[in-house]
Amino acid sequence: MTIFRMEFHKIVSKKYVWIFAIVIATFYALLLSGSSSSFGRLYHKALQPIFDEVNAAAYDPTISSYIIEKQYNVTVEEIKPFLSPEIEKTIESYGRQNYPGIDTEKLWEKVRDYIVNLVIRIDERKATIAKLEASPDTPLNRYLLNKYTNMPKIQANMTQWDSWIDTNKSLLPIVIAFVILLGTSGVFSDEYSSKMHGILLTCKKGRKEVFWAKLEASALFSAICALIFQLFNAVIAALYYGVPFTNTPLNSLTLFYQMPTTLSAMELYIFEILGSVVGAVVLSFVTMCISSICHSNFLSFFISGIYFAIGFVLSNALEANFEQGGYLSTLLTLPGDVSTFSLMSLVNVFGNGKVFATANFAIPTVLLTIVVQAVIFVIAIALTYYFYNRREVIA
C-alpha cells in the first residue's frame, strides 16, 4: 500500500465521519422537503409549455404599454384579449381534462402575475440604465452601465432555478464544511496523540513524502465530499422542486433581482459546484494547518469551525439589500466577501455581481475572493509543513 493510499484510508475509515454525514444528509433532505410545495411544482409544470408566449407578451409594446398605463394593476379579464391563443388553449386544456389539484383560475392569475412582474423588471432596468447614463463618469458607474446594457433579456421566473441555486447559498456549504472538518481535523493531531509524530520524522519518508501524502489525501477526501453532497443536493432538488426545463438569465430570478450580472442560471450553478469543491479543499488545508499545532482532534475541529463560522456570519450578517447597494463590497463587508464560505457559496459575491469600487477603479469582488483564498491556500501549506516538521509540538 502506498503512503497516499494509507493516509486516505485513515481519513475514510473513521466511522463517526460517515455516521454524522448520513445523519446530516437526512436532516438536510427533511429540511428541504419543508420548503417545497407539490402544488407549486404542479402549477410550474402546467405553465412550462407557454413559457415563450408569456415572455413574448411582456415584451409586446402594446401589452407592456397597457400594463404600465394601468400602473401594473390589471385583472386577468383585462389582459386576456392581448394574449396569444396558445396560452388560453394550454390553460383551458387542464380544465377540460379535469387535472386533480389544478385550478384554471389560479393558472390565469399566475400568467397575469408573470407578465406584469416581467414588465415591471424590464421597465426598472430601462430606468436604471437611463439613470446611470445621466450619472457622473466614475469607475463604478461605468462598470454598472456596462453590465446593465449587456445583460441578456430578462425572462419570466418560471424555471425553478431560484430553488436550485438557493440551496447553495448557505445550508449546503455548512453541511459540506462540517463533514470536512470531521474528516480532516485529526490528520496531524492523531499522530501527536498516538506518539507517531516523532517516529515519522525519523523515517526516510517521514517528512516530505508523508506530509504531501496527507495533504493530497485530505484534498481528495474534501473534493469527493463536496461532489457527493452536490450530487445528493441535485437529486433532492429534482425530487422536491423539479428539474429546471430551460436555462434563463440570472436576472430573471427573484434572488438576483436587478443585480449587475450577465450570467445565466446554469452558469452560476456550475460555478457553485466548482467553488464548492475548491473551497472545500482550501478549508481542509486550513483545518490541517490548525491540526498540525494541536494535540486534540476536538480543539482542531473547534478552531477550524470558528474560522469557517466567522466567514459565514460576516458574509450573511453584513449582506446589504439592493436599496442599500447589495452589489457593493465595502471595507466592512470585504472580510465576509473574501472568506472561504463565500468561495464555497458564490451566490453573494458572484451571483449578485458584487463589485469593490474606489475613486480610481472598480473590480469584481469574486476576483478578490479567489486571490485571497489562493493566498490562504499557499500560507496554509507552508505553515503546515513548518509545524509538522518541528520536533517539539505545542499542545
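Going by the structure above, here's the rest.
Residues numbered from 1 in each chain as written. Predicted model: local features only at pLDDT ≥ 70, side-chain atom pairs only at ≥ 80, totals over all residues. Heavy atoms only, no water.

## Thoughts on the environment of T159
So, point 1. With respect to the secondary-structure elements, T159 resides in the loop between α9 (139-149) and α10 (161-166).
So, point 2. Considered as a pair, T159 and N247 are 88 residues apart in the sequence and their alpha carbons are 7.7 Å apart.
So, point 3. In this structure, T159 is in contact with F51, P244, F245, T246, T248 and L253, ignoring residues within four places of it in sequence. (Helix = DSSP H or I, 4+ residues; strand = E, 2+ residues; numbered from the N terminus. Contact = heavy atoms within 4.5 Å.)

## A short note on the side chain of S170
So, point 1. Within the fold, S170 resides in the loop between α10 and α11 (171-184).
So, point 2. One polar contact links S170 to N316, side chain to side chain, over a distance of 3.4 Å.
So, point 3. Not counting residues up to four positions away in its chain, the partners in contact with S170 are F312, N316 and F341. (Polar contact = N/O pair within 3.5 Å; in protein donor to acceptor, adjacent residues only side chain to side chain.)

## Notes on unusual backbone geometry
So, point 1. The backbone phi angle of Y72 is positive, close to 65°, even though this residue is not glycine.
So, point 2. Relative to the helices and strands, Y72 is located in the loop between α5 (61-69) and α6 (76-79).
So, point 3. Even without glycine at this site, Q258 takes up a positive phi of about 65°.
So, point 4. Here Q258 lies in the loop between α14 (208-241) and α15 (265-291).

## Focus on the packing of helix α4 (residues 51-59) against helix α8 (residues 104-133)
How two helices sit against one another is set out by the angle between their axes and by the gap between those axes.
So, point 1. For the pair α4 and α8, the least separation of the axes is 9 Å and the interaxial angle reads 45°. One finds that α4 runs oblique with respect to α8. Helix-helix and strand crossings are classified by hand; for α4 and α8 the assignment is right-handed. Residues V54, N55, A57, A58 and Y59 of α4 pack against V111, Y114, I115, L118, V119 and I122 of α8. (Axes fitted to C-alpha atoms, helices over the stretch in contact; angles between N-to-C directions. Parallel < 35°, antiparallel > 145°, perpendicular 65-115°, else oblique. Left-handed = near helix turned anticlockwise from the far one by under 90°.)

## So, the nonpolar core
So, point 1. Counting 76 residues, the largest nonpolar core has I165, I176, V179, F229, L250, F256 and F285 as its most contacted members.
So, point 2. Broken down by element, the residue count for this core peaks at 14 residues, all from α14.
So, point 3. If we ignore the near neighbours within four places in the chain, the residues touching F285 are L215, A219, F377, A380, I381 and T384. (Core = buried A, V, L, I, M, F, W, Y, C linked by side-chain atoms within 4.5 Å. Buried < 20%, exposed > 50% of the residue type's maximum accessible area, 1.4 Å probe, protein only.)

## Some thoughts on the sheet that holds strand β3 (residues 362-364)
So, point 1. Spatially, β1-β2-β3 is the arrangement adopted by the 3 strands of the open sheet, whose pairing is mixed. Two strands close off the open sheet at either side, each with one partner strand: β1 (328-329) and β3.
So, point 2. Here strand β2 (residues 355-357) runs beside β3; their pairing, made up of 3 bridges, is antiparallel. Bridge pairing in β3 places V355 opposite P364.
So, point 3. Sheet contacts for α9: β1, β2 and β3; angle to β3, the most-contacted strand, approximately 45°. (Pairing = 2+ DSSP bridges.)

## Some remarks on the state of the cysteines
So, point 1. Applying the stated criterion across every chain yields a total of 0 disulfides.
So, point 2. Cysteine C289 is unpaired, with the sulfur of C294 as its nearest cysteine sulfur at 9.5 Å.
So, point 3. A relative accessible area of 11% places C289 in the buried class. (Disulfide = S-S within 2.5 Å.)

## Regarding the packing of aromatic side chains
So, point 1. Evaluated as defined, the whole model comprises 18 aromatic pairs.
So, point 2. When the centroid spacing of 6.2 Å and the interplanar angle of 65° are considered together, the rings of W161 and W164 count as edge-to-face. Highlighted residues: W161 and W164, both in helix α10, separated by 3 residues, approximately one helical turn.
So, point 3. Overall, the relative accessible area of 6% leaves W161 in the buried class.
So, point 4. Exposure remark for W164: the relative accessible area of 8% places this residue in the buried category.
So, point 5. Every member of this aromatic cluster is reached through a ring pair, and the members are F20, F178 and F301.
So, point 6. For the cation-ring pair, K80 lies above W108, with the distance from its terminal atom to the ring centre recorded as 4.5 Å. (Phe/Tyr/Trp six-rings, centres within 6.5 Å; stacked < 30°, edge-to-face > 60°. Lys NZ or Arg CZ within 6 Å of the ring centre and 35° of its normal.)

## So, helix α2 (residues 15-33)
Think of an α-helix as 3.6 residues a turn; residues three or four steps apart then line up on the same face.
So, point 1. With 19 residues, α2 ought to run about 27 Å at 1.5 Å a step, and its terminal C-alpha atoms sit 27 Å apart, in line with that.
So, point 2. All of the buried residues along α2 are V17, A21, I24, A25, Y28, A29 and L32. Considered in projection along α2, the buried side chains sweep an arc of 140° and stay on one side of the axis. Residues K15, I19, I22, V23 and L30 are exposed on α2 and point more than 90 degrees away from its buried face. (Expected span 1.5 Å × (residues − 1). Arc of directions from axis to C-beta.)

## A closer look at the environment of M288
So, point 1. Position of M288 relative to the elements: it lies in helix α15.
So, point 2. When its relative accessible area of 1% is taken as the criterion, M288 is described as buried.
So, point 3. M288 sits 103 residues away from S185 along the chain, and the two C-alpha atoms are 6.2 Å apart.
So, point 4. M288 has contacts with T184, V187, F188, K214, L215, S218 and T384, leaving out every residue within four places of it along the chain.

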